[in-house]
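# Fold and contact review
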Amino acid sequence: MKFFVDTAETDQIAELNDLGMVDGVTTNPSLILKSGRDILDVTREIADMVAGPVSAEVVALKADDMIAEGRKLAKIADNIAVKVPLTWDGLKACKVLSGEGNMVNVTLCFSANQALLAAKAGATFISPFIGRLDDINLDGMDLIADIRTIYDNYGFDTEILAASIRTVNHAYQAAMIGADVMTAPPAVIKKMAEHPLTNQGLETFMADWAKTGQQIL
Ligand code: E4P
């Protein structure tokens, strides 16, 4: 499973990137706002830092305007994936931008039918939002499973990018179902390393080691 980091905070991306945990990065207008940075500047900095796809989202609502914005974003670096919303205009923009050889991430996907349309429009990535479905008492993970089945039924090569991952359990379940990629905030990725039995075991080892009176260095 590929790990994308869902943030525009460059220091946090750098820390995970140094560990080899970053296969790509996703941003959105809310994350750009949170960063306080200029979208072109911060996207360029991130794209220079990581080797994999860096999603940068258009903000226009009409297909022609999305295409113009997408072309501008794609010029930032070779590893930019243009992010378009899953609207009819977004699908039109996806078709044109992917036809021009750009990676396209179709975002704000909340149904399997939407994911089917995105694949047919040539999306490189489809981003089903798990957490936001959970927020309205639906099971976001059911959507990941449905899209996996549909894409496998027909051999679509659009990658399933499990998005809006809020918990370590989301990450685990998405991996079990076979999502190609997950994008998660840095804190969730770091939390995946935690287990209470690891902490408990370490405490015992440290206590016993102190009793030996030995040192390694
Ligand atoms: C994905 O590309 C989005 O940026 C992100 O996963 C949205 O997550 P949220 O629902 O927690 O805001």
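### Concerning the site of the ligand
Contacts to the ligand come from Asp6, Thr26, Asn28, Lys83, Phe129, Arg132, Ala163, Ser164, Arg166 and Thr183. A distance of 2.7 Å separates an oxygen atom of the ligand from a polar side-chain atom of asparagine 28. Arginine 132 has a polar side-chain atom sitting 2.6 Å from an oxygen atom of the ligand. A total of 350 Å² of accessible area belongs to the ligand in isolation, and the protein chains cover 87% of it. Considered class by class, the residues forming the shell around the ligand number two nonpolar, four polar and four charged.

### Looking at the pattern of salt bridges
Summed over the entire model, instances satisfying the criterion amount to eleven salt bridges. Note that glutamate 57 and lysine 83 form a salt bridge whose closest N and O atoms lie 3.7 Å from each other. With glutamate 57 in strand E3 (residues 54-57) and lysine 83 in strand E4 (residues 80-85), this pair connects stretches of sequence that are 26 residues apart. The shortest N-O distance in the salt bridge between glutamate 100 and arginine 71 comes to 2.5 Å. With glutamate 100 in the loop between helix H5 (88-99) and strand E5 (103-109) and arginine 71 in helix H4 (residues 63-74), the pair connects residues that are 29 residues apart, well separated along the chain. Owing to a relative accessible area of 40%, arginine 71 belongs among the partly exposed residues under this scheme. Linked by salt bridges that have partners in common, Arg148, Asp152 and Asp180 make up one network.

### Considerations on the pairing of strand E8 (residues 181-184)
Both faces of E8 are covered, namely the face carrying Val181 and Thr183 and the face carrying Met182 and Ala184. Pairing analysis gives four bridges linking strand E1 (residues 2-6) to E8, with the strands arranged parallel. In the strand pairing of E8, phenylalanine 3 is matched with methionine 182. In terms of strand pairing, strand E7 (residues 159-162) meets E8 through two bridges, oriented parallel. Looking at the pairing, leucine 161 lines up with valine 181 of E8. With respect to chirality, the unit in which E7 leads through helix H9 (residues 168-177) into the neighbouring parallel E8 is right-handed.

Definitions and limits used
Residues numbered from 1 in each chain as written. Predicted model: local features only at pLDDT ≥ 70, side-chain atom pairs only at ≥ 80, totals over all residues. Heavy atoms only, no water. Near = heavy atom within 4 Å. Polar contact = N/O pair within 3.5 Å; in protein donor to acceptor, adjacent residues only side chain to side chain. Areas by Shrake-Rupley, 256 points an atom, 1.4 Å probe, with all protein chains shown as cover. Nonpolar A, V, L, I, M, F, W, Y, C, P; charged D, E, K, R; others polar. Salt bridge = Lys/Arg side-chain N within 4 Å of Asp/Glu carboxyl O. Helix = DSSP H or I, 4+ residues; strand = E, 2+ residues; numbered from the N terminus. Buried < 20%, exposed > 50% of the residue type's maximum accessible area, 1.4 Å probe, protein only. Pairing = 2+ DSSP bridges. Right-handed = clockwise from strand over helix to strand, strands pointing away.

Remember, this is a structural readout, not a statement about activity or role.
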